[in-house]
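Okay, here's what each chain looks like letter by letter:
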Amino acid sequence: MLNVDLHCHSNVSDGALAPAEVAARAKAGSVDVWALTDHDEIGGIAEAREAAAALGMRYVTGVEISVTWAGRTIHVVGLRFDENNRDLAEGLKRTRCGREQRAHEMAAQLAAVGIPDAFEGALKHVGNPDLISRTHFARYIIETGACKDVQEVFANYLIEGKPGYVPHRWATLRDAVSWIRGAGGIAVVAHPGRYDLSDLELDALLSEFKQLGGAGVEVVTGSHTVDEYARFARIAQQYGLLASRGSDFHAPGESQTELGALPALPPNLTPVWHDWAV
Ligand code: AMP
Ligand code: MN
Ligand code: MN
Ligand code: MN
């Protein structure tokens with residue numbers, strides 16, 4: 001089996017390792033084809049590509065775009081695009097802006113429930129000042145001792161209805177897909193099992209995504225349960241979507257899944273990499 005991992009993060013977004021360190025970890029996990037998919041940011045691509053080449057590992061460009069769709073946050077992974085495309089770069093830049101203001105509002109909410117100085121605390125974990133994210137707040141909240149791990153943080157803080165949640169307007173689904181496609185890439189719905197969508201809502205999302213030119217869906221991801229692998233395999237077949245696989249690795253000891261460690265795609269799916277000549 002070709003070990004393909006098309007979803008992970010470096011410290012250019014909310015991962016803890018530099019792009020070259022993530023590449024080395026992918027290689028150590030026996031990954032054959034690798035993409036780094038930082039949130040709303042392609043600044044890690046040059047380092048990632050160079051490190052992958054030095055390790056003799058196939059590399060494709062990647063990004064994970066934050067989208068607001070029907071009032072919810074959805075993530076769309078873009079793969080194998082031209083990173084020099086201007087519309088994509090400018091779209092991502094617009095998507096990133098507003099994170100700092102949001103972070104100040106998150107910190108104010110956390111201070112009100114007894115977690116002071118969260119802006120400064122989160123910032124100490126940030127590698128890219130443009131990309132302060134909830135993950136950085138989660139790391140700080142763990143440091144204060146208020147929670148023991150990331151799972152506990154995201155059950156009690158930073159989510160809708162809990163302290164530290166500040167809604168944000170990200171890119172539209174149409175824009176995200178069109179930036180990726182305009183740059184020659186493939187658009188993939190990331191971890192669909194994470195969104196708590198009803199069958200009707202999921203149908204609306206995938207139908208609209210396909211109509212906009214979206215091509216794939218993550219089936220095997222660190223964010224899915226084993227039951228969800230089977231469920232989204234059926235859905236990929238039903239909607240004629242290509243199937244993707246990726247760990248969504250963020251940090252050693254923090255991520256549930258290591259790079260390259262997931263099971264293979266279920267049978268009878270067309271992988272997103274089916275025509276990549278790998
Ligand atoms: P943001 O883009 O600032 O809203 O942060 C989103 C990031 O928070 C995601 O990419 C994950 O890394 C992290 N995150 C969100 N929900 C969870 C969760 N339930 N468990 C672990 N990490 C999460
Ligand atoms: Mn993340
Ligand atoms: Mn995601
Ligand atoms: Mn991710």
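Residues numbered from 1 in each chain as written. Chains lettered and ligands numbered in written order. Predicted model: local features only at pLDDT ≥ 70, side-chain atom pairs only at ≥ 80, totals over all residues. Heavy atoms only, no water.

This part covers the coordination of the manganese ion (ligand 4). Each protein donor to the manganese ion (ligand 4) is listed here as His7 (NE2), His9 (NE2), Glu64 (OE) and Asp248 (OD); together their distances run 2.1 to 2.2 Å. Counting gaps between the donor residues of the manganese ion (ligand 4) yields the pattern H-x1-H-x54-E-x183-D. If you look at the manganese ion (ligand 4) and the manganese ion (ligand 2), they sit 4.5 Å from each other. Of the two residues, histidine 9 is situated in the loop between strand E1 (4-5) and helix H1 (19-28) and aspartate 248 in the segment after strand E8 (242-246); the sequence distance between them amounts to 239 residues. Residue histidine 9 is classed as buried on the basis of its relative accessible area of 0%. Accessibility expressed as a relative area gives 9% for aspartate 248, which makes it buried. (Donors = N, O, S within 2.8 Å, 3.2 Å for Na, K, Ca; no water. Helix = DSSP H or I, 4+ residues; strand = E, 2+ residues; numbered from the N terminus. Buried < 20%, exposed > 50% of the residue type's maximum accessible area, 1.4 Å probe, protein only.)

Our next topic: the coordination of the manganese ion (ligand 3). Donor atoms from the polypeptide that bind the manganese ion (ligand 3) are Glu64 (OE), His75 (ND1) and His191 (NE2), placed at 2.1 to 2.2 Å. Along the chain, the residues that donate to the manganese ion (ligand 3) are spaced as E-x10-H-x115-H. We classify glutamate 64 as buried; its relative accessible area is 1%.

You can read the domains of the protein as domain 1 (4-96 + 169-246) and domain 2 (99-156). Taking the mean C-alpha position of each, domain 1 and domain 2 sit 24 Å from one another. The interface is formed by twelve residues belonging to domain 1 together with ten residues belonging to domain 2. Taking both sides of the interface into account, the surface hidden between domain 1 and domain 2 amounts to around 850 Å²; carbon and sulfur atoms contribute 44%. Of all residues in domain 1, the largest losses of buried area upon contact with domain 2 belong to Asp14, Arg96 and Trp170, amounting jointly to 56% of the total for that side. In this structure, the connection of domain 1 to domain 2 is made through two salt bridges. Run the count over domain 1 and domain 2 and you get eight residue pairs in polar contact (both at pLDDT 80 or more). (Domains from an automatic or database assignment. Contact = heavy atoms within 4.5 Å. Buried area = accessible area lost by both parts, 1.4 Å probe. Salt bridge = Lys/Arg side-chain N within 4 Å of Asp/Glu carboxyl O. Polar contact = N/O pair within 3.5 Å; in protein donor to acceptor, adjacent residues only side chain to side chain.)

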